[in-house]
Amino acid sequence: MNVLFEHPFAVVGFILAILYAWSILGRRHEVAQAWGTKRIIRTFGPNALVVILVLAASAGLKQNLPRVDFGMFYSSALLLKQEPQHLYDPQRQTDYLHAVTGLAGEKHYLPFAYPPFVAFLFAPLTALSFRSAYFAMLGINIALLVFMLWWLSSRLCHSRDQVAALVISASAMLPLYGVLVLGHLSFVGVLLLSLFVTDMMSPRKWRVGLWTGLMLYKPILFPVPLLMLLWKKQWRALAVFLGVAFGLLLFCFYLVGWDGLYANATMLLVMTNDYLLPRTQSLRGMVFAAGLGTSAWIVLVCITLLCLWIAVLRARDQRWVLGGAMIAVMLVPPYLQFHDLTIGLVGIAIALSIMSTVSDRTRNCLFLIALVPPALVLAGSRDHPIFPIM
């Protein structure tokens with residue numbers, strides 16, 4: 001808790017969260033002044049908390065800009081352009097990263113383990129300086145966030161209350177600000193899952209195969225949607241998925257060859273079982289924190305999938321099935337980083353769409369739940385599984 005009270009933004013945010021929780025209890029005070037204070041806090045509390053989160057996420061950005069994870073994508077794109085055969089060589093990755101950031105005395109803690117086509121997507125940004133490319137990526141992420149919220153709101157929300165609850169929940173998520181500050185690709189995954197969900201509820205379901213195939217940019221995302229396509233016997237969508245997957249495989253082979261693909265798979269496996277394991281936010285993180293092994297994790301995953309399948313087996317509303325799938329996407333992967341928790345927005349949007357009305361109490365509870373990760377992180381629990389605890 002010492003970290004919490006050493007951070008000035010955390011202190012203010014913590015106090016505001018307490019006041020906001022007190023203001024939504026719903027009890028009407030006889031003292032008019034007390035009731036008026038509660039109304040003011042309920043009106044302006046969320047906005048104030050969002051501002052605090054933005055300030056906390058951007059604090060120290062100027063001096064820490066060379067350390068943001070965007071440097072990994074930028075330097076890997078340069079490496080792909082100049083030495084594609086060494087794209088997954090950890091030493092060459094470090095050399096290029098040091099050349100880009102100027103931090104020659106520091107070892108970057110996160111090697112590039114994404115598929116080769118991800119580095120190719122960042123290649124156009126290498127025409128800019130590192131600083132300019134970073135702010136270009138910031139603009140791209142903001143545009144993706146706005147489009148993603150608009151898409152979920154227009155396709156799943158049917159009232160202003162539902163839209164307000166979705167926007168407020170999103171604005172309270174510290175992982176969302178982490179994606180913006182660090183320059184990550186997590187919003188792409190959220191967008192693809194959003195498109196998957198909305199197209200599963202539309203007549204033209206073949207497009208879900210396209211979105212599932214594109215999820216291969218982050219391999220932890222596609223298994224659950226793929227299982228859902230098999231369960232629903234969406235053969236046309238499965239054919240599209242196989243076509244997209246085969247096309248991406250050929251393109252990756254063209255970029256780095258078989259040796260590069262093997263090196264990519266090896267690096268991803270090592271990261272999953274080494275660096276990422278203590279920090280993963282899925283069920284595997286809870287198993288690891290409890291000192292249990294892989295077998296216990298596999299058993300827990302099977303039990304979770306079975307429970308979710310039983311829960312949605314007789315559901316007449318497709319949204320219940322999709323909601324269960326989104327829970328599985330977040331719980332069963334072998335790793336899930338803190339900034340990946342933004343995919344929870346899709347599950348929140350589905351839950352809101354099922355509700356005929358959204359009360360103030362429901363909206364406020366969603367907002368406070370979304371504040372749990374920031375509170376735990378600022379309290380020093382950055383490396384513990386946060387989502388499964390929620």
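What you see is a predicted model, and the numbers here were worked out from it, not measured in a lab.

Conventions we followed
- Residues numbered from 1 in each chain as written.
- Predicted model: local features only at pLDDT ≥ 70, side-chain atom pairs only at ≥ 80, totals over all residues.
- Heavy atoms only, no water.
- Helix = DSSP H or I, 4+ residues; strand = E, 2+ residues; numbered from the N terminus.
- Buried < 20%, exposed > 50% of the residue type's maximum accessible area, 1.4 Å probe, protein only.
- Contact = heavy atoms within 4.5 Å.
- Core = buried A, V, L, I, M, F, W, Y, C linked by side-chain atoms within 4.5 Å.
- pLDDT = per-residue confidence, 0-100.
- Expected span 1.5 Å × (residues − 1).
- Axes fitted to C-alpha atoms, helices over the stretch in contact; angles between N-to-C directions.
- Parallel < 35°, antiparallel > 145°, perpendicular 65-115°, else oblique.
- Left-handed = near helix turned anticlockwise from the far one by under 90°.
- Nonpolar A, V, L, I, M, F, W, Y, C, P; charged D, E, K, R; others polar.
- Salt bridge = Lys/Arg side-chain N within 4 Å of Asp/Glu carboxyl O.
- 1 Å grid on protein atoms, 1.4 Å probe; cavity = no way out; pocket = protein on both sides within 12 Å on 5 of 7 lines; lining within 4 Å.
- Points joined across faces, edges and corners; volume = space filled by probe spheres on them.

1. So, the side chain of Arg284
Part 1: Within the fold, Arg284 resides in helix α15 (residues 283–289).
Part 2: Arg284 gets classed as buried once you look at its relative accessible area, which sits at 7%.
Part 3: Setting aside anything within four residues of it in sequence, one finds Arg284 in contact with Thr272, Asn273, Leu277, Thr294, Trp297, Pro333 and Pro334.

2. A few points about the nonpolar core
Part 1: Counting residues in each nonpolar core, the largest one holds 106 residues, and the members touching the most others are Phe70, Phe112, Val118, Phe122, Leu166, Leu176 and Phe196.
Part 2: Here this core gets 12 residues from one element, more than from any other, and that element is helix α14 (residues 235–273).
Part 3: Apart from the residues lying within four places of it in its own chain, the contact partners of Phe70 are Phe122, Leu125, Phe130, Ala133, Tyr134, Met137, Leu182 and Gly183.

3. Remarks on unusual backbone geometry
Part 1: In this structure, Lys233 is a non-glycine residue whose phi angle is positive, near 55 degrees.
Part 2: Position of Lys233 among the secondary structure elements: in the loop between α13 (223–231) and α14.

4. Remarks on the confidence of the model for the protein chain
Part 1: With 72% of its residues at a pLDDT of 70 or more, the protein chain has an overall mean of 78.
Part 2: Under a pLDDT of 50 for its full length, residues 1–7 has, in the predicted model, 11 contacts with residues more than four places off or in other chains.
Part 3: Within the model, pLDDT remains below 50 along residues 24–32, and this stretch shows 15 contacts once partners closer than five positions in the same chain are excluded.

5. Some details on helix α9 (residues 160–171)
Helical geometry note: an α-helix holds 3.6 residues per turn, so side chains three or four residues apart project in the same direction.
Part 1: A rise of 1.5 Å per residue sets the reference length of α9, with its 12 residues, at 16 Å; its end C-alpha atoms lie 16 Å apart and thus fit the reference within 8%.
Part 2: Inspection of α9 places Gln162, Ala165, Leu166, Ser169, Ala170 and Ser171 among the buried residues, and these make up the whole buried set.

6. Considerations on the packing of helix α8 (residues 130–156) against helix α11 (residues 186–200)
Part 1: Between α8 and α11, the least distance of the axes is 10 Å, while the angle of their chain directions is 20 degrees. Judged by the inter-axis angle, α8 sits roughly parallel to α11. In terms of crossing hand, the pair formed by α8 and α11 is left-handed. Across from Asn141, Leu144, Leu145, Phe147, Met148, Trp151, Leu152, Arg155 and Leu156 in α8, the residues of α11 making contact are Phe187, Val188, Val190, Leu191, Ser194, Leu195, Val197 and Thr198.
Part 2: Of the residues assigned to the contact of α8 with α11, the class counts are 13 nonpolar, 3 polar and 1 charged.

7. Structural notes on the pattern of salt bridges
Part 1: Within the structure shown, the criterion is met by 4 salt bridges.
Part 2: Between Asp95 and Arg92 there is a salt bridge, with the nearest N and O atoms lying 3.0 Å from each other. In this pair, Asp95 and Arg92 are both assigned in helix α6 (residues 90–101), 3 residues apart and thus about one turn of the helix distant.
Part 3: The residue Lys218 makes a salt bridge to Asp340 at a minimum N-O spacing of 3.6 Å.

8. Brief notes about empty space enclosed by the protein
Part 1: Within this structure, the stated rule accounts for 2 cavities of 30 Å³ or more.
Part 2: Volume-wise, the largest cavity comes out at about 140 Å³.
Part 3: Forming the boundary of the largest cavity are 15 residues, of which Ala113, Tyr114, Lys218, Tyr335 and Gln337 lie nearest the centre.
Part 4: Its residues placed into classes, the lining of the largest cavity shows 12 nonpolar, 2 polar and 1 charged.
Part 5: In this structure, the second largest cavity encloses a volume near 40 Å³.
Part 6: Lining the second largest cavity, in full, are Ser186, Gly189, Tyr217, Lys218, Leu221, Leu336, Asp340 and Ile343.
Part 7: Residues belonging to the lining of the second largest cavity are distributed by class as follows: 4 nonpolar, 2 polar and 2 charged.

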